Amino acid sequence: MLRNITARALDALGAAVDQFEISFQFPSALLLLAMLLTATPATPVHGAPPRRERRPDVRPPKESKTVVVTSARTEQAIGDVAVSTRVVDRAAIEASGAESLAGILEEQPGLQILRSFAGAGGVGIQMQGLDAKYVLILVDGQRATGRVGGVIDLARFPAEDIAQVEIVKGPGSSLYGADAIAGVINIITRRASRKLELDARARYGSFHTSDLSTTIGGARGRWSTRWSGGWHYTAGFDRDRSTPSTTGNAGHSFNASQRTEFRVRRDINLGLTADFQRRDLHGVDSNAAGAIFDRSNLTQTASVSFIPEITWSAPARLRLVAHLAYFDDHYVLDQRKSNALDQAQRTKDTLGQLGAQYDHMIAGRHLFSAGIETQLEYLSTPRLATESSDRQRFALYAQDEWKVALKPLVIIVPGARLDLDSQFGGYGSPRLAFRIDPAESLTLRASAGLGFRAPAFRELYLAFANPAAGYRVAGNPDLKAEKARSATAGVAWRISPGRTLTLDYFHHRLKDLIALDATTLMLGSDNAFQYINVGAARSQGVEAALAIKFTDVIDAEVSYTFTDARDLELKRRLPGRPAHHSSARLRWKHPSWGTSAQVRAAVFGKQFYYADNDGDGVEEPLRVAPYANVDLRVAQDILGGKLTFFAGVDNLLNAGDAAYLPLVPRLFYGGISARIRTDLPKRTRKP
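Residues numbered from 1 in each chain as written. Predicted model: local features only at pLDDT ≥ 70, side-chain atom pairs only at ≥ 80, totals over all residues. Heavy atoms only, no water.

Undergrad: I keep staring at the overall build of the protein chain and nothing clicks. Help me out?
TA: Broken down by element type, the protein chain carries 6 helices and 37 strands. Expressed as a percentage of the 687 residues in the protein chain, the buried residues total 51%. Restricting to contacts in the protein chain with at least 6 residues of sequence separation, those with at least 24 account for 62%. Here the protein chain displays about 31,000 Å² of accessible surface, and carbon together with sulfur accounts for 60% of that area. (Helix = DSSP H or I, 4+ residues; strand = E, 2+ residues; numbered from the N terminus. Buried < 20%, exposed > 50% of the residue type's maximum accessible area, 1.4 Å probe, protein only. Contact = heavy atoms within 4.5 Å. Areas by Shrake-Rupley, 256 points an atom, 1.4 Å probe, with all protein chains shown as cover.)

Quick look at the structure:
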């Protein structure tokens, strides 16, 4: 019955907003945005005088230890958010022993990490049964660039730079635009808050895996700054020695970043962030004809953001953002004993963004936010028919978080966004969310909205030929955006102090999916393929999680996810999606001893892939058996926590294979970290 109700609600929502699907003719979309902008009263409700208004919740509240920004694009205490948000804080990151964002997300409920070691594709993620191309990755609220095959490589983001990771599942296009169909992952980078902060870390493990990182920062008066750097190396690995090809890349990387803030005066703050990474990977590939290739991938990324922020006593805030990101990938495939199939491709992707967001708290009941964004992206690669292309995107968005009642707490959040894209036209993304707390221990949340994924450059303009394999692939400039109707509903029950149960339902229905289709009309070849809008899919399921704090030194969390993801055109399961996925974590930490231990486990049910192995033109299902991934880690603090020794093992059960589960084999590691902190005097603490 729940599925029927959800389907009818999504159909009604889709019918109500059909006018939002536009091609630069958008009066209905602008009308809805205008309604949102004018529906919020310009003066405090109930006739309350302006002087009695409270300042908006646009700065981290002192009474809350955890502040999030992703669900509303402005700072809120996590207990106040209307849209469910999961946070992995710095303490959890350090306890996990993760070296990058990929390791941080690996054991999170409802997420599946996917690895591809061929080229720069790297490590992607599945969320709520949808691929990585439907998950938006942000760094301090700004889009990460450099998708390869639809994947942002999660291994590009080193753990030493991350203060916390915010995970918002469900429709997010009403605030963030394209790609935020399954959800949004926002990386919040670390900032200095003490007079002196110094961290250093060294780790060595199997496959000659080596990691060195250091961070230094400080705050004094109006200034705060933090600088970090890291070097990482691995010799790679091979899960199938019967072939000349390798499974995991060998290589090294270097990264550096900084974050500086200066408070000009109490109501004006300036922020500047910058980062750079250089990664050089190597591997060996082979094909069915016996040719062997030495593969290398040199990837360089850089970004810089300038963020002025003005807060005044209206109460309101204006936040401006200027962001520039650069991605450069140099891919070389060198055939041994021949140059017939050699390849050398360089892909450069530059993304510039300008944005402004205005937040206004009205009568303590309406947190109204409205913003404008413009983006310019330029891509050059020999795989495009035109060798280079650019796109411009302009967007308006608005959202009102309305506290209808305080006891019981009732929050309604209408929002909408209009995106105009030079490649495919315009698209509107409305969303309606609500939260009800019928009791102090119970929170109910639900949301429904539309989303879209813009066609990638390669889908629009690709011109790729593989003479050895006998096929060609061409892009299609007439592609439309993929569209989605999504809904989520959930409950959080705080059973008792230290015990919380969450249960969430999700439903996504996608149409106009972009897929390769055999064609002879345009390319004149029996082995030619072109991207077209043809597919339709559905992903729905349930996620459940139970967090328990047994004592002051022992806590645990267990979760289970059921996913039903199907291709509605081919009437079969979507490949690589296990129907059943569970995870568990048990952590023990004795403060007086300085000793801690953690075990994490994830179990994935059977998965299906499809391939035409007998040459009859029909793909047969391939079944991948269930597997479990278990990680262990122990640590010992000495000198009051200034020095920590740690050791552990990843993938204890050695799960994985070379074809469908290219997991890193069992890896033992050990290391040491140092930490120095000097507190600021109270009179010089940052406001």
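Undergrad: Sorry if this is basic, but what is going on with unusual backbone geometry here?
TA: Working note: non-glycine residues mostly have negative phi, and peptide bonds are mostly trans. In this structure, the amide linkage connecting Lys407 to the following residue, Pro408, adopts the cis form with an omega of -5°. Relative to the assigned elements, Pro408 resides in the loop between β20 (388–406) and β21 (409–421). A positive phi angle is found at Lys571, which is not glycine, with a value near 55°. Within the secondary structure, Lys571 is located in the loop between β29 (554–567) and β30 (572–573).

Undergrad: Would you explain the nonpolar core in this entry?
TA: One broad trend across soluble globular proteins is that nonpolar side chains are buried collectively. In this structure, Leu105, Ile137, Leu154 and Val165 are the most contacted members of the largest nonpolar core, which totals 34 residues. Sorting the residues of this core by element identifies α4 (101–105), β5 (111–116), β6 (122–127), β7 (135–139), β9 (162–169), β10 (183–189) and β27 (499–518) as the ones contributing at least two each. Listed in part, the 10 residues of the second largest apolar core include Leu384, Leu462, Val473 and Leu479. (Core = buried A, V, L, I, M, F, W, Y, C linked by side-chain atoms within 4.5 Å.)

Undergrad: I tried to follow the pattern of salt bridges on my own but got confused; where do I start?
TA: Oppositely charged side chains may form a pair once their charged atoms are brought near each other. Per the counting criterion, the structure on display carries 41 salt bridges. Notably, a salt bridge pairs Asp267 with Arg265, separated by 2.7 Å at the nearest N-O pair. Here Arg417 makes a salt bridge to Asp419, at a shortest N to O gap of 2.8 Å. For the pair formed by Arg417 and Asp419, the shared burial category is buried. One network of salt bridges, with partners in common, ties together Arg90, Glu94, Arg190, Asp199, Arg675 and Arg677. (Salt bridge = Lys/Arg side-chain N within 4 Å of Asp/Glu carboxyl O.)

Undergrad: Before we go on, may I ask you to explain the sheet that holds strand β4 (residues 86–88) in this structure?
TA: The strands making up a sheet associate through backbone hydrogen bonding, with each pair oriented either parallel or antiparallel. Spatial strand order, β4-β9-β10-β7-β8: 5 strands in an open sheet with mixed pairing. Two strands lie at the open edges of the sheet, namely β4 and β8 (142–143), each paired on one side alone. As paired strands, β4 and β9 are joined by 3 bridges and run antiparallel to one another. By the bridge assignment, Val87 is partnered in β9 with Glu166. (Pairing = 2+ DSSP bridges.)

Undergrad: I would appreciate a short explanation of the confidence of the model for the protein chain in the present structure.
TA: Low-confidence regions, as indicated by low pLDDT, have predicted coordinates that should not be scrutinised in detail. Here the protein chain averages 83 in pLDDT, and 86% of its residues register 70 or above. Per-residue pLDDT stays below 50 along residues 12–64; that stretch engages in 101 contacts with residues further than four places along the chain or on separate chains. Counted against residues more than four places away or in other chains, residues 520–526, with its pLDDT under 50, gives 10 contacts. (pLDDT = per-residue confidence, 0-100.)

Undergrad: Would you explain the environment of Ser496 in this entry?
TA: If you trace the backbone, Ser496 turns up in strand β26 (residues 482–496). Overall, the relative accessible area of 28% leaves Ser496 in the partly exposed class. It is 9.4 Å that separates the C-alpha atoms of Ser496 and Ile548, two residues lying 52 residues apart in sequence.

Undergrad: Which parts of the structure should I look at to understand a nonpolar patch on the surface?
TA: A cluster of nonpolar residues, Leu212, Trp231, Tyr233, Phe254 and Phe276, forms a patch on the protein surface that exposes about 450 Å² of accessible area. On the secondary structure map, Tyr233 appears in strand β13 (residues 223–234). (Patch = residues over 30% accessible without salt bridge, like charges linked within 9 Å, V, L, I, M, F, W, Y side chains within 5 Å.)

Undergrad: For this particular structure, what's the right way to read the pairing of strand β15 (residues 268–286)?
TA: Looking down a regular strand, the side chains alternate between one sheet face and the other. With 15 bridges joining them, strand β14 (residues 250–265) and β15 adopt antiparallel strand pairing. By the bridge assignment, Ala250 is partnered in β15 with His282. Bridge count between β15 and strand β16 (residues 292–312): 19 bridges; the pairing is antiparallel. Note on β16: the bridge partner recorded for Leu270 is Pro308. In sequence, β15 turns back onto β16 through a hairpin of 5 residues, with Gly290 there showing a positive phi of about 95°.

Undergrad: Teacher, can you tell me more about the side chain of His323 here?
TA: Note on placement: His323 falls in strand β17 (residues 316–335). Within the local environment of His323, its side chain forms a polar contact with the side chain of Ser305, the two groups lying 2.5 Å apart. Other than its neighbours up to four places away in sequence, His323 contacts Gln142, Arg143, Ser303, Val304, Ser305, Leu351, Gly352 and Gln353. (Polar contact = N/O pair within 3.5 Å; in protein donor to acceptor, adjacent residues only side chain to side chain.)

Undergrad: Explain the pairing of β20 to me, please; I cannot follow it from the model alone.
TA: In this sheet, β20 lies alongside strand β19 (residues 366–380) in antiparallel orientation, the contact comprising 15 bridges. From the neighbouring strand, Gly371 faces β20, where its bridge partner is Tyr397. Sheet topology note: the β20/β21 ladder contains 11 bridges and is antiparallel. Bridging from a neighbouring strand, Phe394 pairs with Leu420 of β21. The turn joining β20 and β21, which pair antiparallel and follow one another in sequence, is formed by 2 residues.

Undergrad: How should I be thinking about the packing of aromatic side chains in this particular structure?
TA: To describe a pair of aromatic rings, you give the distance between the ring centres and the angle between the ring planes. What the rule picks out here adds up to 9 aromatic pairs. Taking 6.2 Å as the distance between ring centres and 5° as the angle between the ring planes, the aromatic pair formed by Trp231 and Tyr233 counts as stacked. We classify Trp231 as partly exposed; its relative accessible area is 35%. Geometrically, the ring pair formed by Tyr427 and Phe452 is tilted, given 5.0 Å between the ring centres and 50° between the ring planes. Remark: Phe452 occurs in strand β23 (residues 442–453) and Tyr427 occurs in strand β22 (residues 425–439); sequence separation between them is 25 residues. (Phe/Tyr/Trp six-rings, centres within 6.5 Å; stacked < 30°, edge-to-face > 60°.)

Undergrad: Just to check I follow, could you spell out the side chain of Glu309 for this structure?
TA: Positionally, Glu309 belongs in strand β16. Here Arg319 takes part through its side chain, which lies 3.0 Å from a polar atom of the side chain of Glu309. When sequence neighbours within four positions are dropped, the list of residues in contact with Glu309 reads Asp267, Ile268, Asn269, Arg317, Leu318 and Arg319.

Undergrad: How should the environment of Asn629 be read in this particular structure?
TA: Assignment of secondary structure puts Asn629 in strand β35 (residues 627–638). Expressed as a C-alpha distance, the spacing of Asn629 and Glu107, which sit 522 residues apart in the sequence, is 9.1 Å. Setting aside its immediate chain neighbours within four residues, Asn629 contacts Glu106, Glu107, Arg600, Ala601, Ala602 and Asn651.

Undergrad: Would you mind going over the environment of Tyr134 with me for this structure?
TA: For Tyr134, the location among the structural elements is in the loop between β6 and β7. Separated by 47 residues in sequence, Tyr134 and Ile181 have C-alpha atoms that sit 5.3 Å apart. When sequence neighbours within four positions are dropped, the list of residues in contact with Tyr134 reads Asp179, Ala180, Ile181, Ala182, Gly183, Arg453, Glu482, Leu510 and Leu513. Here the side chain of Tyr134 touches Glu482 through a polar contact of 2.7 Å, side chain to side chain.

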